[in-house]
Amino acid sequence: MTPCLKVYREKIYENARRVLEACSRCSINLTAVTKGASAAPEIVKTLWESGCRSFGDSRLANIKEIKNIFPEAETTLIRPPMASEIPELALYADNVLVSMRECLPLLNGARAKTGKALGIILMVEMGDLRDGIMPDEIEVFADFARSHDNLRLRGVAANFGCFGAILPTKDKLEQLVDIKLKLERMGHEELICSGGASSSLLLLERGEIPRGVNGLRVGEAILTGTDVTRQRDIGWLNRDTMILETEIIEIRRKPSAPLGESGVDAFGNPQFFEDRGERLRGIAAIGRQDVNVSGLSPLLDGIEILGASSDHIVLDLEAVKNELRYGNTLGFTVSYSAMLALFTSKYVKIEFI
Ligand SMILES: *Cc1c(COP(=O)(O)O)cnc(C)c1O
């Protein structure tokens, strides 16, 4: 049945092992981030088998899923919590990334029932301008966290390359380490300094991660072997962890430039196509409601993705050597953002191999 995302567990297992090894060589504790694959149980089990014991996810539903499979796993909610989810979150997560003071009394109250302190990791704004506490507010924030009996300050973290496309650098990570050291001098003990995500692995490769960074939260590199912020495939990881398969539902020769009066497409965008004469074109049965189409790369040489609507991807097949027919299956490698969407589409079968 298609569309189908074939996920090769062995490849992900190898990636996780390699990232774990690279981290442990630098005394870095790895938190495996599962949100890209919706924390699918098969993925969580694969990561566990590879040796991962710490898991991060941005969705409470996924944190619950992980705890249900492996109650001993350490879980961290890596998005600032919604006030409305705090009562439930406090029962399932071991740690939570926090950027708003208002969260702390709520988390403290909700955690009272469990008898075990909830780990608080302060998200520090380092320039990417998504979530994070401004650096000059950190000390007061940390002391406020300390004033709650059911909370324990576990460390500081920063995100890079998520919103503002700001890359992690040695300099930025040194600033984060300085903040951690300052908090330790204030009496906060044995703090984690979580220095970013897959985009920080390049610094690890180059030996440029400052001493004092002792945590990373890595999802993309393990799941797809890529680092999208630097538009690179990570050479020492498997890129072929998953393949999307979808069927050809139309194939015929058509003009390459649309005929008639132009409006905008189904998503409100104007479209322009170069007139290349008549070409062999195909339609694959999957669309923008299932996948980020620009994150797909055809396996077969000669296929060009022309565009997509909600349920169709339109392809130029003129340069394909093989003879293609109605009903044939086409394969695509997927980017992180394509994977993210595919895992949440109810129309896509996920097959673990
Ligand atoms: C998604 C996310 C990560 C993991 O990022 P990757 O690029 O997938 O490694 C880490 N930290 C936070 C806060 C995130 O939201």
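Position numbers for residues start from 1 in each chain and track the written sequence from start to end. Only residues with pLDDT of at least 70 get local features here, since the model is predicted, and only at 80 or more are side-chain atom pairs given and counted; chain-wide, interface and lining totals rely on the full set of residues. With hydrogens and water set aside, each side-chain value is computed from the structure's full complement of heavy atoms.

**Overview of the overall build of the protein chain**
Part 1: What counts as a helix is a DSSP run of H or I of at least four residues, what counts as a strand is a run of E of at least two, and both are numbered from the N terminus. Helices and strands together make up the secondary structure of the protein chain, namely 10 helices and 18 strands.
Part 2: In terms of overall dimensions, the protein chain has C-alpha extents of about 75 × 40 × 35 Å along its principal axes.
Part 3: Accessibility throughout is a Shrake-Rupley quantity obtained with a 1.4 Å probe, and a residue counts as covered only by protein chains that appear here. Surface summary for the protein chain: the accessible area is close to 16,700 Å², and the carbon and sulfur share equals 49%.

**As for helix α7 (residues 170-185)**
Part 1: Spanning 16 residues, α7 covers 22 Å between terminal C-alpha atoms, matching the ideal 22 Å at 1.5 Å per step.
Part 2: Listed as buried for α7 are L173, L176, V177, I179, K180 and L183. Seen end-on, α7 carries its buried residues on one side only, within an arc spanning 155°.
Part 3: Where α7 is buried, its residues touch β6 (118-124), α6 (138-146), β7 (151-158), β8 (192-194) and α8 (201-205). The length a helix should cover is 1.5 Å for every residue beyond the first. Between buried and exposed lies partly exposed: a residue is buried under 20% and exposed over 50% of the maximum accessible area for its type, with that area taken using a 1.4 Å probe on protein chains only. Note that the arc is computed from the directions linking the helix axis to the C-beta atoms. In this description, contact between two residues means that some pair of their heavy atoms is separated by no more than 4.5 Å.

**Description of the site of the ligand**
Part 1: What makes a residue near a molecule or strand is one non-hydrogen atom of that residue sitting within 4 Å of it. Inspection of the region around the ligand gives V33, K35, I78, M123, R130, A197, S198, R217, V218, G219, E220 and Y336 as its neighbouring residues.
Part 2: As used in this structure description, the phrase polar contact means that two N or O atoms lie within 3.5 Å; if the pair is within protein, one of them must be able to donate a hydrogen and the other to accept it, and residues adjacent in sequence are counted only when both atoms belong to side chains. Here an oxygen atom of the ligand sits 3.2 Å away from a polar atom, N or O, in the side chain of R130.
Part 3: The separation between an oxygen atom of the ligand and a polar side-chain atom of S198 is 2.6 Å.
Part 4: Protein contacts shield 90% of the accessible area of the ligand, which totals 390 Å² for the unbound molecule.
Part 5: Residue polarity is assigned by list, with Asp, Glu, Lys and Arg as charged and Ala, Val, Leu, Ile, Met, Phe, Trp, Tyr, Cys and Pro as nonpolar; anything else, Gly included, falls into the polar class. Here the shell around the ligand is composed, by residue class, of 6 nonpolar, 2 polar and 4 charged.

**Details of the pairing of strand β3 (residues 54-57)**
Part 1: Burial along β3 is two-sided: S54 and G56 and F55 and D57, pointing in opposite directions, are all buried.
Part 2: Examined bridge by bridge, strand β2 (residues 29-33) and β3 share 2 bridges and lie parallel to one another. Of the residues in β3, the one forming a bridge with V33 is G56.
Part 3: Handedness of the β-α-β unit built from β2, helix α2 (residues 41-50) and β3 comes out right-handed. Strand pairing follows a simple DSSP-based rule, namely that at least 2 bridges must link the two strands. Handedness of a crossover is defined as follows: orient the strands so they point away from the viewer, and if the path from the first strand over the helix to the second runs clockwise, the crossover is right-handed.

**A short note on the domain arrangement of the protein chain**
Part 1: For every domain, the bounds stem from an assignment made automatically or drawn from a database. The domain boundaries assigned to the protein chain delineate domain 1 (9-228) and domain 2 (242-352).
Part 2: Taken residue by residue, the interface counts 12 residues in domain 1 and 9 residues in domain 2.
Part 3: Here domain 1 meets domain 2 over a buried area of about 870 Å², counting both sides, of which 76% is carbon and sulfur.
Part 4: The quantity reported as buried area is the accessible area (1.4 Å probe) lost by two parts once they are put together, taken as the sum for both. Considering only the surface of domain 1 that becomes buried against domain 2, G36, S38 and T224 emerge as the three largest contributors, covering 41% of it.
Part 5: The term salt bridge refers to a pairing of a side-chain nitrogen on Lys or Arg with a carboxyl oxygen on Asp or Glu at a separation within 4 Å. The tally of links between domain 1 and domain 2 comes to 0 salt bridges.

**Brief notes about the pattern of salt bridges**
Part 1: Under the defined criterion, the tally for this structure stands at 25 salt bridges.
Part 2: Where R146 meets D143, a salt bridge forms, and the shortest distance between an N and an O atom there is 2.7 Å. Residue R146 and its partner D143 are both found in helix α6; the two are separated by 3 residues, about one turn of the helix.
Part 3: Residue R146 is classed as partly exposed on the basis of its relative accessible area of 39%.
Part 4: Under the relative-accessibility criterion, D143 is labelled partly exposed at 33%.
Part 5: Three or more residues are tied together by salt bridges with common partners; here these are E205, D227, R230 and R232.

**Focus: the nonpolar core**
Part 1: Buried Ala, Val, Leu, Ile, Met, Phe, Trp, Tyr and Cys residues form a nonpolar core when they are joined through side-chain atoms within 4.5 Å. In terms of nonpolar packing, the biggest core is built from 93 residues, with L107 and I120 touching the most fellow members.
Part 2: Looking at which domains feed residues into this core, each of domain 1 (9-228) and domain 2 (242-352) gives three or more.
Part 3: With sequence-adjacent residues up to four places away left out, I120 is seen in contact with V96, V98, L104, L107, L151, R152, L153, R154 and G155.
Part 4: Counting 6 residues, the second-largest nonpolar core is a separate cluster that includes V33, I78, L97 and M123.

**Description of unusual backbone geometry**
Peptide bonds are, in most cases, trans, and in most cases residues other than glycine have a negative phi.
Part 1: Of the consecutive residues T2 and P3, the connecting peptide bond is found in the cis state with omega at -5°.
Part 2: Tracing the backbone shows P3 in the segment before β1 (4-7).
Part 3: Phi at S27 is positive, roughly 55°, even though this residue is not glycine.
Part 4: Position of S27 relative to the elements: it lies in the loop between α1 (9-25) and β2.
Part 5: S27 gets classed as exposed once you look at its relative accessible area, which sits at 59%.
Part 6: Positive phi values are uncommon outside glycine, yet S38 reaches one of about 50°.
Part 7: Turning to its location among the elements, S38 is positioned in the loop between β2 and α2.
Part 8: Judged by its relative accessible area of 23%, S38 falls in the partly exposed class.

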